[in-house]
Amino acid sequence: QDRVVNWLNSHINLSEIFTKIFKGGDTKTNGDQTADTKDVEHKESAMSPPDLLIELQEKLCQCIENRDLSINEQQVLEFINSAVETVEHRSDLIPHAEQTIYRFTVDYCIVLLAHCPAVMTADVLQRLCVLWSACMPEEKDCSLERVLSCRNVLLLCQSGSQLAQQSWSQLSRLLIQLLKEGLLTPKQLEAQFVALFRKDWPPMVNTLMGSCLFSMLEQIRQDPLCSENPKFVLMLEWASEMMNELAKDDVCENL
């Protein structure tokens, strides 16, 4: 496990992972932005956008620094529901803040998968999709299209040997949910896997990615909504076999 983490750290700088996120994630609004209002039924009782972003930043930092990992499903659901209410019922939510909420919550999801996978239940995943559907930016280059980025792989592999398998299993459920909700297309997901295949990963990472792909296949075969694209299913089958073969080859070379 230590060798894998050291290898990952030598390829990806974890200390810079969230630097770009917090830049531009200012919870204050300037004069021009405050003139913009969202056409929704305003509820003053909903958490204000600045308060939501401050709390979200704090939760991210706590998880990244391995603090307060006793969080449970109910606490996560309550926070996500608060975020949904802010997005849907705060007329003072400016576009920049809405996009920041979207980016932060995607990263919060990945961090929870890595450190607290048990809380990522079906209900939590479903509510996250409701939130992202409400605030996903219109531009094509969005966070969900990079959910399998190298930095996220790093985070998921640093969850420790006991949690790694569970983290990647829950990741497969997240990806299936995104496909079902139309938040991620098979083509977009395929592009992310292809990008990962171009990297030289250690055996453990190849094994975990292979298990994630296999788990996705099992779920897709049981869900008509996800199995409508036979080419995508074939791609997953091929990718799963390839990742497992790569892991076996690497293990044999190290013997």
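To be clear, the structure that these remarks concern was listed above.
Just so it is clear, the model here is predicted, and its values are computed rather than measured.

Criteria and cut-off values
- Residues numbered from 1 in each chain as written.
- Predicted model: local features only at pLDDT ≥ 70, side-chain atom pairs only at ≥ 80, totals over all residues.
- Heavy atoms only, no water.
- Salt bridge = Lys/Arg side-chain N within 4 Å of Asp/Glu carboxyl O.
- Helix = DSSP H or I, 4+ residues; strand = E, 2+ residues; numbered from the N terminus.
- Buried < 20%, exposed > 50% of the residue type's maximum accessible area, 1.4 Å probe, protein only.
- Axes fitted to C-alpha atoms, helices over the stretch in contact; angles between N-to-C directions.
- Parallel < 35°, antiparallel > 145°, perpendicular 65-115°, else oblique.
- Left-handed = near helix turned anticlockwise from the far one by under 90°.
- Contact = heavy atoms within 4.5 Å.
- Nonpolar A, V, L, I, M, F, W, Y, C, P; charged D, E, K, R; others polar.
- Core = buried A, V, L, I, M, F, W, Y, C linked by side-chain atoms within 4.5 Å.
- Domains from an automatic or database assignment.

S.K.: How do you make sense of the pattern of salt bridges when you look at a structure like this?
M.R.: One side chain can pair with another of opposite charge once the charged atoms of both are near each other. Counting across every chain of the model gives seven salt bridges. With a shortest N-O distance of 3.2 Å, Lys180 and Asp223 are connected by a salt bridge. One end of the pair, Lys180, is in helix α8 (residues 161-181); the other, Asp223, is in the loop between α10 (203-221) and α11 (230-254), with 43 residues separating them in the sequence. Given a relative accessible area of 38%, Lys180 falls into the partly exposed group. The exposure class of Asp223 is buried, given its relative accessible area of 13%. Linking Glu218 and Arg221 is a salt bridge whose minimum nitrogen-to-oxygen distance equals 3.4 Å. With Glu218 and Arg221 both in helix α10 and three residues apart, this pair spans about one turn of that helix. In this structure Arg221 comes out as partly exposed when scored by relative accessible area, which is 47%. Among the charged side chains, a salt-bridge network with shared partners connects Glu44, Arg90 and Asp92.

S.K.: How should the packing of helix α4 (residues 73-89) against helix α5 (residues 95-115) be read in this particular structure?
M.R.: Geometrically, a packed helix pair is captured by the angle between its two axes and the distance between the axes. Put simply, α4 and α5 touch, their axes get as near as 11 Å, and they point 165° apart. Comparing the axis directions of α4 and α5 gives the class roughly antiparallel. Of the two elements, α4 crosses α5, and the hand of that crossing is left-handed. Each of Val76, Phe79 and Val87 in α4 lies in contact with α5, whose residues at this interface are Glu98, Ile101, Tyr108 and Leu112. Each residue belonging to the contact of α4 with α5 can be placed in one class, and the counts come to six nonpolar, no polar and one charged.

S.K.: Would you take a moment to explain the nonpolar core for this structure?
M.R.: One recurring pattern in soluble globular proteins: nonpolar side chains tend to sit buried together. Trp132, Leu175 and Phe193 are the most contacted members of the largest nonpolar core, which has 75 residues in total. Take this core: its biggest share by element is twelve residues, from α5. Each of domain 1 (1-12 + 44-137) and domain 2 (146-254) gives at least three residues to this core.

S.K.: It is not clear to me how the environment of Gly182 should be interpreted in this structure. Could you clarify?
M.R.: As for its placement among the helices and strands, Gly182 is situated in the loop between α8 and α9 (186-197). As for Gly182 and Ser133, which are separated by 49 residues in sequence, their C-alpha atoms are 9.0 Å apart.

So far we have only geometry, and geometry alone does not tell us how the molecule works.
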